[in-house]
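Here are the chains, one letter per residue:
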Amino acid sequence: MLMAARNLLRGCQRTDGIEIDPLAHSEGLRRLNATGAIKSTYLLGSAFDVETLSKLAPEGYDLVITNPPYLRYQSQKSGAGKLARLPNAKEVRNGLRAAIQSLETLSQTDKVSFLSLVESYSGLSDLAVPSWILCAALVKEGGALAMVVPESWLNRDYALIIRYMLLRWFRIEFIVEDAHSTWFPEVQIKTTLLVARRIPKLDSIADFSNATYLHVSLPSSLSNGKSLVGGGELATSKNPEREFARKARAVLHGQSDELMAAVKWDRVRLADQADAVMQKASGKKWLALFEPKIESDKIAKIVVPTVLKDWFDEFVEFESLADLGMEVGQGLRTGANDFFYADIIQSAGGVAQIRLSKLFNNASITLPMACVRSVIRRQAEVPGIVVAPNELQGVVLAFQDWALPEHAEASCGRPLPEQIAQHINHAAQMKVGEVYLPMLSAVSPNTRRANPRTGTPARFWYMLPRFAPRHSPDMLVPRVNGDTPRVTLNPHRQTLVDANFSTLWLKEGARVTVHMMLAFLNSTLARALYECSGTVMGGGALKLEATHLRFLPVPILPKTTWTQIGALGVKLEVEGSEKQNIIIREIDQLLLNGLFSANMIETKLNSLRAIIQEKKSNRESKSDTSPRA
């Protein structure tokens with residue numbers, strides 16, 4: 001990046017960089033010394049070390065650009081590093097505090113606000129979050145911030161505070177998307193370049209009116225192996241990047257409506273982005289800190305994805321799943337699947353024979369049927385639109401009402417048969433990695449002392465907590481999807497569901513029935529919403545979390561329409577395996593009848609299908625050639 005900046009910015013007086021890896025720093029220094037006369041300070045050290053930062057330009061920079069590190073918070077605990085010691089999470093936060101206080105780019109008021117950002121970001125964040133804050137603080141007013149990030153990163157919950165920071169202190173100008181996941185082909189991560197201009201701090205992110213940024217999608221076909229835009233109509237350009245930037249800026253400022261023939265672009269309202277941030281951050285302490293004057297009823301409850309706003313035309317009446325009485329969560333996380341999960345071999349007379357996991361050499365044991373519950377663990381176990389409990393092999397060891405003989409009195413549980421007791425005692429001596437099973441971080445909290453004062457019985461490591469509604473929901477949908485997500489019915493909520501799935505269930509007094517929601521959530525409209533709302537992962541998979549589903553915009557429809565949709569939901573359960581596509585088309589017709597005139601329905605349906613196909617296509621890599629950094 002430093003070399004590219006020197007080559008492109010000929011009028012630049014100074015370029016500075018920081019590198020923590022000594023091998024990369026040594027090679028970079030050699031290259032810098034071999035070319036150009038631009039003054040460069042190329043530092044070896046941590047960007048969160050005050051001594052390192054003191055060697056940078058105190059007045060800040062006209063451009064700050066990086067591909068921030070995505071080191072997980074678990075690694076930060078120990079400051080994990082091979083060639084260089086990486087700062088741990090505490091050192092990063094402390095270094096960031098000191099850096100903010102020393103920078104001349106921030107007014108005293110802004111320093112107070114940035115320090116609040118430092119105190120407010122989640123301890124579960126990866127290292128990219130403090131990196132964003134540091135880079136933003138180094139930008140002069142009027143200068144540019146340019147960040148190379150995975151497309152999925154800004155959709156993560158802990159990145160909300162960064163999206164807020166961008167809207168409060170910057171005006172986003174461009175988000176350039178790697179359409180076919182070819183910029184970093186080895187890891188198949190869809191990447192974006194975000195470019196934002198530093199502005200005087202807004203009083204509130206609600207202050208955006210009609211300002212827009214350009215969302216640009218670069219296809220792999222434009223790459224010529226040396227430049228991401230060096231093919232196509234810029235093939236003869238001496239500097240295709242500069243020419244592309246000139247064209248893009250002309251479109252941004254309304255001086256042109258043409259970018260490049262192969263490039264797709266859209267204008268995105270910054271006000272829509274602000275609504276989305278406020279909606280998702282509603283209830284978080286940091287939002288109340290930064291937006292004390294915003295009343296909760298002024299925060300948009302429903303934000304329609306930008307791609308679908310035009311599709312809905314003038315229709316603007318939406319509600320959430322929660323408004324309809326539907327809860328959203330995540331399935332069962334045992335903390336030790338090798339112990340708690342097994343396969344059933346046979347059952348009869350209230351007794352089950354099960355096969356244990358590889359950790360226990362796939363041994364089989366016999367136990368009361370009351371000690372196990374049927375469970376869906378993987379997508380392959382639900383090939384249809386309705387769970388078939390009789391075809392499931394997986395079970396969960398459910399010992400909530402059972403205990404080892406020596407624990408029975410303290411836990412008020414029934415004594416377990418001797419064979420099961422031996423298995424549990426054997427398992428207690430087993431290690432997963434370097435940790436004994438009972439001491440795993442997600443298993444040890446199962447243990448609880450008895451409380452005579454409240455009458456709460458003891459609980460032991462082999463007893464899962466009581467199953468909640470989210471563990472045995474009305475419906476489920478995979479969290480990670482290769483194809484467009486499909487919602488599956490769990491009849492009578494009789495089967496438990498693993499954390500590989502997002503789960504949905506109706507509260508008492510809900511305004512809709514399970515079959516109404518089964519029909520809607522499998523409609524073409526819902527599928528388009530999933531594609532536009534979910535997060536694209538490396539390799540092109542679509543992640544659909546509870547947070548995505550919770551804010552899904554549901555069109556407000558007449559009660560009679562919902563009744564008809566519910567009848568089709570019943571039909572979907574009964575006949576879905578054979579007539580699924582026909583029934584879903586009927587559902588689509590009913591839904592769109594409530595939104596558009598009859599003569600528009602087919603056109604609108606085709607448009608929805610095109611949106612889904614384009615989204616799916618963009619999740620797949622289309623080329624095995626790409627430029628190398």
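Residues numbered from 1 in each chain as written. Predicted model: local features only at pLDDT ≥ 70, side-chain atom pairs only at ≥ 80, totals over all residues. Heavy atoms only, no water.

Student: How should I be thinking about the overall build of the protein chain in this particular structure?
Tutor: In terms of regular secondary structure, the protein chain is built from 21 helices and 27 strands. Oriented by its inertia axes, the alpha-carbon framework of the protein chain measures out at about 85 × 65 × 50 Å. When the 629 residues of the protein chain are sorted by exposure, 52% land in the buried category. Contacts in the protein chain between residues far apart in sequence, at least 24 positions, make up 70% of those at least 6 positions apart. A total of about 30100 Å² of accessible surface is found on the protein chain, and carbon and sulfur atoms cover 51% of it. Taking the average place of the 73 positive charges on the side chains of the protein chain and the average place of its 64 negative ones, the gap between the two points comes to 3 Å. (Helix = DSSP H or I, 4+ residues; strand = E, 2+ residues; numbered from the N terminus. Buried < 20%, exposed > 50% of the residue type's maximum accessible area, 1.4 Å probe, protein only. Contact = heavy atoms within 4.5 Å. Areas by Shrake-Rupley, 256 points an atom, 1.4 Å probe, with all protein chains shown as cover. Lys, Arg positive; Asp, Glu negative; His and termini not counted. Charge placed at Lys NZ, Arg CZ, Asp CG, Glu CD.)

Student: Where do I start with the state of the cysteines in this structure?
Tutor: As used in these notes, a disulfide is a covalent bond between sulfur atoms, one from each of two cysteines. Tallied over the entire structure, the rule returns zero disulfides. Looking at C12, it has no disulfide partner, and the nearest cysteine sulfur is the one in C135, 16 Å off. Given the relative accessible area of 24%, C12 is considered partly exposed. (Disulfide = S-S within 2.5 Å.)

Student: Even after reading the chapter, I still don't get helix α21 (residues 601-618), so can you show me in this structure?
Tutor: An α-helix turns once per 3.6 residues; consequently, residues spaced three or four apart project the same way. Compared with the 26 Å implied by 1.5 Å per residue over 18 residues, the 26 Å span of α21 between its first and last C-alpha is a close match. Of the positions making up α21, those classed as buried are I601, K604, L605, L608, I611, I612, K616, S617 and N618. Residues of α21 that are buried sit in contact with β5 (170-178), α12 (306-309), α18 (524-533) and α20 (559-593). (Expected span 1.5 Å × (residues − 1).)

Student: Explain the sheet that holds β5 to me, please; I cannot follow it from the model alone.
Tutor: Within a sheet, adjacent strands bond to each other through the backbone by hydrogen bonds, running parallel or antiparallel. The strand order across the open sheet built from six strands is β3-β4-β6-β5-β7-β8, with neighbouring strands paired in mixed fashion. Taken across any chain shown, the strands that pair with only one partner, and hence form the sheet edges, are β3 (61-66) and β8 (264-269). Within this sheet the neighbouring strands show an average axis-to-axis angle of 15 degrees, counted without direction. Sheet topology places strand β7 (residues 212-218) next to β8; six bridges connect them, and they run antiparallel. In the sheet register, L214 faces β8, and the bridge partner there is R267. (Pairing = 2+ DSSP bridges. Axes fitted to C-alpha atoms, helices over the stretch in contact; angles between N-to-C directions.)

Student: Would you explain the packing of helix α5 (residues 89-102) against helix α6 (residues 108-120) in this entry?
Tutor: Axes are the key here: two packed helices are described by the angle between their axes and the distance separating the axes. The geometry of α5 relative to α6 is characterised by a closest axis approach of 9 Å and an angle of 175 degrees between their N-to-C directions. When the axis of α5 is compared with that of α6, the two are roughly antiparallel. Where α5 abuts α6, its residues R93, L96, R97, I100, Q101 and S102 lie against K111, F114, L115, V118 and E119. Of the residues contributing to the contact of α5 with α6, the split by class is five nonpolar, two polar and four charged. (Parallel < 35°, antiparallel > 145°, perpendicular 65-115°, else oblique. Nonpolar A, V, L, I, M, F, W, Y, C, P; charged D, E, K, R; others polar.)

Student: Looking at this structure, how should I read the packing of aromatic side chains?
Tutor: The geometry of an aromatic ring pair is captured by two quantities: the separation of the ring centres and the angle between the planes. Following the criterion strictly, the structure yields 14 aromatic pairs and no others. An angle of 40 degrees between the planes, with centres 5.5 Å apart, marks the rings of Y164 and F290 as tilted. Of the two residues, Y164 is situated in helix α8 (residues 160-169) and F290 in helix α11 (residues 285-290); the sequence distance between them amounts to 126 residues. On the basis of relative accessible area, Y164 is assigned to the buried category, the value being 0%. (Phe/Tyr/Trp six-rings, centres within 6.5 Å; stacked < 30°, edge-to-face > 60°.)

Student: Help me understand α18, please; the structure alone is not making it clear to me.
Tutor: Across the ten residues that make up α18, a large majority, nine, are buried. Considered for burial, the residues of α18 that qualify are T524, L525, A526, A528, L529, Y530, E531, C532 and S533.

Student: I would appreciate a short explanation of the environment of L145 in the present structure.
Tutor: Take L145: it is sitting in strand β4 (residues 139-150). Taking relative accessible area as the criterion, L145 reaches 0% and is therefore assigned buried. Each C-alpha atom, one on L145 and one on S125, is 21 Å from the other, the two residues being 20 residues apart in sequence. Filtering out sequence-adjacent residues up to four positions away, L145 remains in contact with V64, W132, C135, A136, V139, L166, F170, L194, V195 and A196.

Student: Sorry if this is basic, but what is going on with the pattern of salt bridges here?
Tutor: Between side chains of opposite charge, a pair can form as their charged atoms come close. Following the criterion strictly, the structure yields 23 salt bridges and no others. R30 serves as the salt-bridge partner of E27, at 2.6 Å between the closest nitrogen and oxygen. Taken together, the residues span about one helical turn, with E27 and R30 both in helix α2 (residues 22-34) at a distance of three residues. R249 is the salt-bridge partner of E173, the closest N and O atoms lying 3.2 Å from each other. On the criterion of sequence distance, the pair formed by E173 in strand β5 and R249 in helix α9 (residues 240-252) is long-range, its members being 76 residues apart. We classify R249 as partly exposed; its relative accessible area is 29%. A single salt-bridge network, built from bridges that share partners, covers D343, R377, R378 and E381. (Salt bridge = Lys/Arg side-chain N within 4 Å of Asp/Glu carboxyl O.)

Student: So what exactly am I meant to see when it comes to the pairing of strand β15 (residues 394-397) here?
Tutor: Side-chain direction in a regular strand flips from residue to residue, so the side chains alternate between the two faces of the sheet. What you see with β15 is no split at all: G394 and V396 on one side and V395 and L397 on the other are buried throughout. Pairing of strand β11 (residues 341-348) with β15, which is carried by three bridges, proceeds in the antiparallel orientation. Bridged to A342 within β15 is V395. Note: strand β14 (residues 372-376) against β15, three bridges, orientation antiparallel. Bridge pairing in β15 places S374 opposite V395.

Student: For this particular structure, what's the right way to read the sheet that holds strand β21 (residues 480-481)?
Tutor: Ordered in space as β21-β26-β25, the three strands form an open sheet in which the pairing is antiparallel. This sheet does not close on itself; its edge strands, each paired only once, are β21 and β25 (535-536). Sheet topology note: the β21/strand β26 (residues 542-543) ladder contains two bridges and is antiparallel. Looking at β26, one finds that V480 is bridged to K543.

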